[in-house]
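Residues per chain, in single letters:
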Amino acid sequence: MRLLLVFFLAIPFTLLAKDDPKYPVSSIPQNMKDGMYAVVREDFYRFEIISINRSRQKVHKVITILNENGKQFATEAVYYDKLEKVISISGIAYDANGVQIKKLKGNEIIDRSAYDGVSLFTDNRYKLMDLEQSTYPYTVEFEYETEMKYLYSIPSFSLYTDDEVSIEKETYEIEYPIALKPRYKLNSIEEPKKENLGSNEKLIWSFTNIKPEKFEKFAKNNVPNFLIGPSEFEYDGYRGSMKSWNELGKWQILLNEGRGTLPASTFAKVKEITKNLSTTEEKTKAIYEWLQSKTRYVSIQRGIGGFQPFDASVVDLNSYGDCKALSNYMVSLLKAAGVNGYYTLIYGGREERMIPADFTIDRFNHIIVNVPNGKDTLWLECTSQTNPFGYLGDFTGDRYALMITDEGGKLVRTPKLKTEQNTQLQKVEVVLDKLGNAKAKVTTAYSGLQYENNGLSFRINCSYDEQKKWLQENLRIPSFELGAFNMINKKDKVPTAIVNVELTLNRYASVSGKRIFVTPNLMNRTTYIPPKAETRKNPVIFKSSYVDVDTIVYSIPEEIYPEFIPQPVKISSRYGEYEATFKFDQGKLIYIRKLKMIPGEHPPAAYSELVDFYKGINKADNTKLVFLSKT
């Protein structure tokens, strides 16, 4: 027994352990952990162009999650479809000491349909790896490889996307046949290392020990990045070029070819709708509203269907389609009326995605229709049954789009509404009693981009209960009882929503002895103040662009009178203009507030002025009036 024990003790510990520790947290320099909630230990991405219609990607990432704020990194989804298959996939978790605590088995990797809730047809699926642990810190390692039966898009690169995640090592590689050399556009990043591999070449970008700079508010934080894309490509049998926007447009023409057929009955219907109309705008409006009444939106995401519309006759028969199908259908309907409409690729979302004019790359996710109208252009969002004619809003307004003309693609820009068109005009009558209770009648007109405030443009077309819910969620008053209300939808090219509402405001004013304190700004107070910054690197980009005018008339009971009425307030800044006036006359207090926000780009030193501007508005909006009781 003694000899056996001695023999056992003589065996090196490394031979007894299942695996040597990997990625212990102790090996991370302290400065890389300070202020971070995760550290990328290794992020390797490789893209390989095998041929004009075949490509492959490999991912290996290791991330140490320091606290709960980084738990989103514990899961990884790998997407695939009929044109992309997953070759290999694995996930491992390690504790703080680098000891393996979890290795995913095949049946622990969840395979799901990537159903988005609106797609009627989709073959998109994903494999989900979940390595979330309850004890921090811990490390996750994901590795997978996929192969695509196409070449179309190549993932672009940004050095970091989060200012609380540091990076120990990051590598991006792309290998390609010399005949299929990709194009790239660098932004604040050095040229890659190039390796010659006979008939192939490889580009390598490598980075180590990256501590991200803190993102600044109201700024375009210039994170080093690059865009990359193929020159020639083929997707599901359709070959094309991205050497220019015109060439990419020609590929879309190829996809759309022969898909504008309308049945004779619909052709006749278009003629009937437009027979007494003479202008392009009149005809377009009539056809657009008919399209809205006839069709509904469903998403189609299957193979080439992610790029190619259904034939117009299919949409006509079924009365549904996605943005591609409905836009193509609209173009066909316009053509039947002798009006030229153009299928147009665009990015849909509140934040504009960078589309560089000098670098062709498909960063679009949506389709709209462009109709030239003399010196003007009509823009049509074809997926909505309720959208006002000619209105794009903040989903597709003020950004680059690719218009598919008969000759190819042409980069164009969608319109931007002027500050003076984005208005909120509010008129309020308030009856106040001596106990501080009040009743109010409010009429608010929301126009331009303010028509969309917190989903109003959608809710205005919904049921009574949905409209009531919107009011309860968006009336910015601490406590109120909702009375009668109605909403009126004025669907002009610059639309307006008019909301009328009656409110009961118990204890609206504060009563202290003989004094009654009233904040005259009933429901449009500014509470936000930008954080202070000791230093500022980036220019200040101020996007707010609107005008608010509030006119509130308070009927005051005879038993009280004003002890203090504030002086008028006026604030002028490069960021906007603010004005508030107070007038007491014959038992009525009239409060008028005007705020105009002016968009623009300003030098870094002007940030402190922005903070002061908001502070001034905040103070003025919370000004109190004091009334005294006569009894």
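Just above, that's the structure.
My aim in this report is to walk through the structure given alongside it, one point at a time. Keep in mind that this is a model prediction, so the values were computed, not measured.

Description of the pattern of salt bridges
Okay, so step 1: Counted by the stated rule, this structure contains 37 salt bridges.
Okay, so step 2: Between glutamate 216 and arginine 536 there is a salt bridge, with its nearest N and O atoms 3.6 Å apart. Highlighted residues: glutamate 216 in the loop between strand 15 (200-210) and strand 16 (225-229) and arginine 536 in the loop between strand 32 (515-518) and strand 33 (540-542), separated in sequence by 320 residues. Arginine 536 carries the same exposure label as glutamate 216, and that label is buried.
Okay, so step 3: Two residues, glutamate 351 and lysine 543, come together in a salt bridge whose shortest N-O distance is 3.4 Å. Highlighted residues: glutamate 351 in the loop between strand 22 (342-346) and strand 23 (366-373) and lysine 543 in the loop between strand 33 and strand 34 (546-555), separated in sequence by 192 residues. The residues glutamate 351 and lysine 543 share a single accessibility class, namely exposed.

Digging into the sheet that holds strand 2 (residues 54-65)
Okay, so step 1: Within the open sheet, the eight strands sit side by side as 5-4-9-2-1-12-15-14. Their pairing is mixed. Single-partner strands in this sheet number two, and they are strand 5 (100-103) and strand 14 (193-197). Adjacent strand axes in the sheet meet at a mean angle of 10°, parallel and antiparallel pairs treated alike.
Okay, so step 2: Pairing geometry for strand 2 and strand 9 (residues 138-148), over 11 bridges, is antiparallel. Bridge pairing links serine 55 to methionine 148 in strand 9.

Let's talk about the pairing of strand 25 (residues 400-404)
Okay, so step 1: With four of its five residues buried, strand 25 lies for the most part within the structure.
Okay, so step 2: As judged from the three bridges shared by strand 22 and strand 25, these two strands associate in the antiparallel manner. Across the sheet, residue threonine 344 finds its bridge partner in strand 25, namely methionine 403.
Okay, so step 3: Note: strand 25 against strand 26 (residues 409-413), five bridges, orientation antiparallel. Bridging across to strand 26, methionine 403 finds its partner in lysine 410.

A closer look at helix 6 (residues 280-294)
In an α-helix, one turn spans 3.6 residues; hence positions three or four apart end up facing the same way.
Okay, so step 1: Given a rise of 1.5 Å per residue, 15 residues ought to cover 21 Å, and the 21 Å separating the end C-alpha atoms of helix 6 matches this to within 8%.
Okay, so step 2: Those residues of helix 6 that fall on the buried side of the exposure criterion are Lys283, Thr284, Ala286, Ile287, Tyr288, Trp290, Leu291 and Gln292.
Okay, so step 3: Looking at the buried side of helix 6, the elements it contacts are helix 5 (264-274), helix 8 (323-336), strand 23 and strand 24 (376-380).

Description of unusual backbone geometry
Okay, so step 1: Going from tyrosine 136 to proline 137, the amide bond is cis rather than trans, its omega being -5°.
Okay, so step 2: With respect to the element layout, proline 137 can be found in the loop between strand 8 (125-130) and strand 9.
Okay, so step 3: A positive phi angle, close to 55°, is found at serine 188, a residue other than glycine.
Okay, so step 4: In this structure, serine 188 sits in the loop between strand 13 (183-187) and strand 14.
Okay, so step 5: Under the relative-accessibility criterion, serine 188 is labelled partly exposed at 48%.
Okay, so step 6: With a phi close to 60°, aspartate 398 is a non-glycine residue in the positive phi region.
Okay, so step 7: Within the secondary structure layout, aspartate 398 lies in the loop between helix 9 (393-396) and strand 25.

Some points on the packing of aromatic side chains
Okay, so step 1: Applying the stated rule across the entire model yields 34 aromatic pairs.
Okay, so step 2: Here tyrosine 45 and tyrosine 172 contribute two aromatic rings whose centre-to-centre distance is 5.3 Å and whose plane-to-plane angle is 40°, an arrangement assigned as tilted. Here tyrosine 172 lies in strand 12 (residues 165-177) and tyrosine 45 lies in strand 1 (residues 38-51), a separation of 127 residues in the sequence.
Okay, so step 3: With a relative accessible area of 11%, tyrosine 45 lands in the buried category.
Okay, so step 4: Residue tyrosine 172 is classed as buried on the basis of its relative accessible area of 2%.
Okay, so step 5: Connected via pairs of aromatic rings, a cluster forms that spans Tyr45, Phe157, Tyr172, Tyr184, Trp205, Phe207 and Phe226.

Rules and cut-offs
Residues numbered from 1 in each chain as written. Predicted model: local features only at pLDDT ≥ 70, side-chain atom pairs only at ≥ 80, totals over all residues. Heavy atoms only, no water. Salt bridge = Lys/Arg side-chain N within 4 Å of Asp/Glu carboxyl O. Helix = DSSP H or I, 4+ residues; strand = E, 2+ residues; numbered from the N terminus. Buried < 20%, exposed > 50% of the residue type's maximum accessible area, 1.4 Å probe, protein only. Pairing = 2+ DSSP bridges. Axes fitted to C-alpha atoms, helices over the stretch in contact; angles between N-to-C directions. Expected span 1.5 Å × (residues − 1). Contact = heavy atoms within 4.5 Å. Phe/Tyr/Trp six-rings, centres within 6.5 Å; stacked < 30°, edge-to-face > 60°.

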